[in-house]
There are 2 protein chains.
Amino acid sequence: MTTIHDVAEAAGVSISTVSYALSGKRPVSEKTRRRIEDTVRSLGYEPDAGARMLAGRRTHIFALTEPLRADTHAPTHMAFVLATTVAARRRGYDILLLTDEQASEGMNRVAASNLVDAILVLDVAPDDARADIARALRSPTVFIGIPDDAEGLTCVDLDFEATGHLAIDRLADAGHTAAVLLGQTEVSYVKSNFPRRLLRGVQAQATLRGVALEWATTGVTTTDVSAVRTAVGTALDRGIRAFVVHAVGDVHEALLAVVAERELTVGTDVSVISAAASFDTTTLPVPVDTIPLVPQQSCELAIDLAVQRLEDPHAPARIHLIPPEYLSAGSVAPARE
Amino acid sequence: MTTIHDVAEAAGVSISTVSYALSGKRPVSEKTRRRIEDTVRSLGYEPDAGARMLAGRRTHIFALTEPLRADTHAPTHMAFVLATTVAARRRGYDILLLTDEQASEGMNRVAASNLVDAILVLDVAPDDARADIARALRSPTVFIGIPDDAEGLTCVDLDFEATGHLAIDRLADAGHTAAVLLGQTEVSYVKSNFPRRLLRGVQAQATLRGVALEWATTGVTTTDVSAVRTAVGTALDRGIRAFVVHAVGDVHEALLAVVAERELTVGTDVSVISAAASFDTTTLPVPVDTIPLVPQQSCELAIDLAVQRLEDPHAPARIHLIPPEYLSAGSVAPARE
DNA sequence: TTGAAAGCGGTACCAG
DNA sequence: CTGGTACCGCTTTCAA
């Protein structure tokens, strides 16, 4: 194993100069710096992680806690984990996984042992136990999602309420006076934090704009496509022509299929808006207006905040809501009287 | 922050005694050990990770590399990550994630910096670039899955070929002379390592047992349920009554639905075997014989192997195949002539 | 612009 | 059974 001493010797300088040349924390003359860098490359030197942690009091590791509940939507979750990992790496951090029981216990353990510089929280539940843990910890902690009691916590998320407002506004602007919110599974409104926020936003704005709203869940614990088809069919029968969909891809497809079977056309006869979709809605059989949920946005911001709090531990904790963005695809039609 | 010195002082012993009392690497009298443990608890002492790494030349961290290709089946993948994390934790190890480009580059980086004690490889491709990297590395590396060139590598996986044999044997034993393998998506036979192994096993045994085999993929890049329905319908039309399914839950459901629509009964008119399913087939609408793929088995074995190689770096590398297990549910019917 | 040296908090060897 | 202490490899202060 090659150490900083080997590099120093080979380059004919002291180890402190090597250290500074590599960290840039002290000016080093151009020529010696280049000589050192060459030596590092030719020797294949990589600083020892343990030594760096011990001496530098920085581990360059973030913990990512994810309970992975049974109702967690795997593809969406994977997208968040991936986005977090990539964003972290970009800032020079690795990700240490805390799953299952370790999601909570592990937070204390890795914080107490100084294994990580900060903690990122995924899969946030309304009454998440990790909120209290985070408040008691000295390690910076950033929630991606918002628990009911977010007092004193740093949180990041799409503004789901504003997303709900925006969707209803577009439908109301088009003259619709009735709409259906095709939502998530029933348990997710209890176990997760965001479906209810979207629901609240939709409901509030519907009331404000005079839109008669109906809320249909898409299964109890798991997506039930036939239930979706029934719900959509019933709504269409009753003359409702506007849908806000906050659900997985299958639900979108089921909705579009039922519409097509009735020989109705999205964008002409029927209006559809996909709200907070974390998958690529452009691959749907029909173009659909979308207010996307972009994991990269939340995760990059979360990483930035973690790094910030590391540099300035006194930065005040607050909730960071990402404003929704409306992507038009022509799927909202003027209401017919 | 409380250190080992604080503990030693508070307990009235030397730091070496504290260290040994906690590691158990040297006998410590019952009474002093208890006194130390009490002190540790009351002070909330947790050894510093960096210091432990540096002095102990062990990080207690395993890397988990997962490229997360677009065709990766998220729920199955999550199950493997979870199983790995839990198994690792049980042996005292944390998991560091290497995704995306870091899946390959990261291996060299974390090995060179002594960030991890071993590396676990997930999402193995037939021509996986990580095979060569692993061969060049000093860090113990365990593949969960088998690349084409596994020379010199430690690999763990379900014995997919034997799984194929077993499925065909059961059908042949029941008198079937024709069967359909309802497989994965087309790309997975190119990008992944295990679908082709199952396929080979099924094909070989079908030839051996005189079973006319047809192989149907279930979409190109993504599962196409309507294609599955068509394939099943065609097979039934042609009198085929035996199906081996190596696919996600949706495909099973589509198959069972088509069978039901024709007023045929699984276990009487039609035989179905689910091969290497990583989801819970008992929740299917009809009981189905299953040769399960249990992530826990592979992952626990992988962790054990990693730990073993840590203790004995000279243990020879080899492929560990987990024998398939057949779970009867009465879905295989005797063939009718 | 550079070097020397004091830690960082453990582990494990050498004594007793 | 227990204590003293030499490192582990790097960061950073102090001096030059």
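Only a predicted model underlies this, so the values are computations on that prediction, with no experimental measurement involved.

Asks: Any chance you could explain the domain arrangement of chain A here in plain terms?
Replies: Note: interface size is frequently given as the accessible area lost on complex formation between the parts. Residues and elements named next belong to chain A. Structurally, chain A comprises domain 1 (4-54), domain 2 (61-158 + 295-322) and domain 3 (160-292). Where domain 2 abuts domain 3, roughly 1100 Å² becomes buried across the two surfaces, and 50% of that area is made up of carbon and sulfur atoms. Counting every contact that joins domain 2 to domain 3 gives two salt bridges. Note that R196 and D148 form a salt bridge whose closest N and O atoms lie 3.5 Å from each other. Linking domain 2 with domain 3 are eight residue pairs in polar contact (both at pLDDT 80 or more), by the criterion used here. Taken together, the residues of the side of domain 2 that touches domain 3 break down into six nonpolar, three polar and four charged.

Asks: What exactly am I supposed to notice about the UniProt feature "domain: HTH lacI-type" (unreviewed entry) in chain A here?
Replies: Here the UniProt-annotated "domain: HTH lacI-type" (unreviewed entry) positions come out as residues 2-56 of chain A. Its end C-alpha atoms 19 Å apart, residues 2-56 of chain A is made of 71% helix and 0% strand.

Asks: Is there a simple way to think about the relation of the copies chain A and chain B in this case?
Replies: Mapping one chain copy onto the other needs a rotation about an axis and a shift along that axis. Under the fitted operation, chain A is carried onto chain B by 0.0 Å of movement along the axis and a turn of 180 degrees, and the coordinates agree to an RMSD of 0.1 Å. Each copy turns onto its partner about a two-fold axis. The overlap is high: 100% of the interface residues of chain A also sit at the interface in chain B, so the same surface is used on both sides.

Asks: Just checking my understanding: could you explain the protein's contact with DNA strand D for this structure?
Replies: Neighbouring residues of DNA strand D: 30 residues in total, closest I4, S19, Y20 and Y45 of chain A together with R26 of chain B. Here a phosphate oxygen of DNA strand D and a side-chain polar atom of S19 of chain A are 2.8 Å apart. Y45 of chain A has a polar side-chain atom sitting 2.6 Å from a phosphate oxygen of DNA strand D. At the level of secondary structure, the elements contributing two or more residues to the surface near DNA strand D comprise α2 (15-23) and α4 (49-56) of chain A together with α2 (15-23) and α4 (49-56) of chain B.

Asks: Would you explain the interface of chain A and chain B in this entry?
Replies: On the chain B side, the residues contacting the 34 residues of chain A number 34 residues. Counting each side, the surface lost to burial between chain A and chain B is near 3100 Å², with a carbon and sulfur contribution of 68%. For the interface between chain A and chain B, the tally reads two salt bridges. Among the salt bridges present, the one from R109 of chain B reaches D94 of chain A, with a minimum N-O distance of 2.8 Å. Across the chain A-chain B interface, the total number found is eight residue pairs in polar contact (both at pLDDT 80 or more). Residue assignment for the side of chain A that touches chain B shows that the elements contributing at least two residues are α4, α5 (74-90), β2 (94-99) and α6 (102-112) of chain A.

Asks: It is not clear to me how unusual backbone geometry should be interpreted in this structure. Could you clarify?
Replies: For residues that are not glycine, phi is negative in most cases, and the peptide bond is trans in most cases. Residues other than glycine seldom take positive phi values, yet D100 of chain A does so here, at roughly 60 degrees. With respect to the helices, strands and loops of the structure, D100 of chain A is situated in the loop between β2 and α6. What makes D100 of chain A partly exposed here is its relative accessible area of 33%. For L68 of chain B, which is not glycine, the phi dihedral falls at a positive 55 degrees. For L68 of chain B, the location among the structural elements is in the loop between β1 (61-66) and α5 (74-90). Accessibility expressed as a relative area gives 11% for L68 of chain B, which makes it buried.

Asks: Hey, could you run me through the sheet that holds strand β4 (residues 141-144) of chain B in this one?
Replies: Sheet strands line up and pair through hydrogen bonds in the backbone, either parallel or antiparallel. Strand order across the open sheet formed by 12 strands is β11(A)-β5(A)-β4(A)-β3(A)-β1(A)-β2(A)-β2(B)-β1(B)-β3(B)-β4(B)-β5(B)-β11(B), with mixed pairing between neighbours. Strands with a single pairing partner mark the edges of an open sheet, and in this sheet they are β11 (319-322) of chain A together with β11 (319-322) of chain B. Sheet twist, expressed as the average angle between the axes of neighbouring strands with direction ignored, equals 25 degrees. Here strand β4 (residues 141-144) of chain A runs beside strand β5 (residues 154-158) of chain A; their pairing, made up of three bridges, is parallel. The partner of I144 of chain A across the bridge, within β5 of chain A, is V156 of chain A.

Asks: Is there a simple way to think about the sheet that holds strand β7 (residues 212-216) of chain A in this case?
Replies: Residues and elements named next belong to chain A. Pairing is parallel in the open sheet, where five strands are placed in the order β7-β6-β8-β9-β10. Edge positions in the sheet fall to β7 and β10 (289-292), since each has one partner strand and no second. Across the sheet, the axes of successive neighbouring strands diverge by a mean angle of 20 degrees, strand direction being ignored. One ladder, built from five bridges, connects strand β6 (residues 178-182) with β7; its direction is parallel. Within the sheet, the bridge partner assigned to A178 lies in β7 and is A212.

Asks: Explain the packing of helix α1 (residues 4-11) of chain A against α2 of chain A to me, please; I cannot follow it from the model alone.
Replies: When two helices pack together, you describe them by how their axes are tilted relative to each other and by the distance separating the axes. Residue and element names in this part refer to chain A. In contact at an axis separation of 8 Å, α1 and α2 are set at 100 degrees when each is read in the N-to-C sense. Between α1 and α2, the angle falls in the class roughly perpendicular. Across the interface between the two elements, I4, H5, V7 and A8 from α1 touch I15, V18 and S19 from α2. Residues that form the contact of α1 with α2 fall into these classes: five nonpolar, two polar and no charged.

Asks: Looking at this model, I keep getting lost on a negative patch on the surface. Mind explaining?
Replies: Together, D250 and E253 of chain A together with D250 and E253 of chain B make up a negatively charged patch on the protein surface. Among the secondary structure elements, those contributing two or more residues to the negative patch are α12 (249-261) of chain A together with α12 (249-261) of chain B.

Asks: Is there a simple way to think about the side chain of T141 of chain B in this case?
Replies: Among the structural elements, T141 of chain B can be located in strand β4. There is a polar contact of 3.0 Å between the side chain of T141 of chain B and the backbone oxygen of S139 of chain B.

Cut-off values and rules
Residues numbered from 1 in each chain as written. Chains lettered and ligands numbered in written order. Predicted model: local features only at pLDDT ≥ 70, side-chain atom pairs only at ≥ 80, totals over all residues. Heavy atoms only, no water. Domains from an automatic or database assignment. Buried area = accessible area lost by both parts, 1.4 Å probe. Salt bridge = Lys/Arg side-chain N within 4 Å of Asp/Glu carboxyl O. Polar contact = N/O pair within 3.5 Å; in protein donor to acceptor, adjacent residues only side chain to side chain. Nonpolar A, V, L, I, M, F, W, Y, C, P; charged D, E, K, R; others polar. UniProt positions renumbered as here; feature names shortened; annotations may be inferred. Helix = DSSP H or I, 4+ residues; strand = E, 2+ residues; numbered from the N terminus. Least-squares fit on C-alpha atoms with pLDDT ≥ 70 in both. Contact = heavy atoms within 4.5 Å. Near = heavy atom within 4 Å. Buried < 20%, exposed > 50% of the residue type's maximum accessible area, 1.4 Å probe, protein only. Pairing = 2+ DSSP bridges. Axes fitted to C-alpha atoms, helices over the stretch in contact; angles between N-to-C directions. Parallel < 35°, antiparallel > 145°, perpendicular 65-115°, else oblique. Patch = residues over 30% accessible without salt bridge, like charges linked within 9 Å, V, L, I, M, F, W, Y side chains within 5 Å. Areas by Shrake-Rupley, 256 points an atom, 1.4 Å probe, with all protein chains shown as cover. Lys, Arg positive; Asp, Glu negative; His and termini not counted. Charge placed at Lys NZ, Arg CZ, Asp CG, Glu CD.

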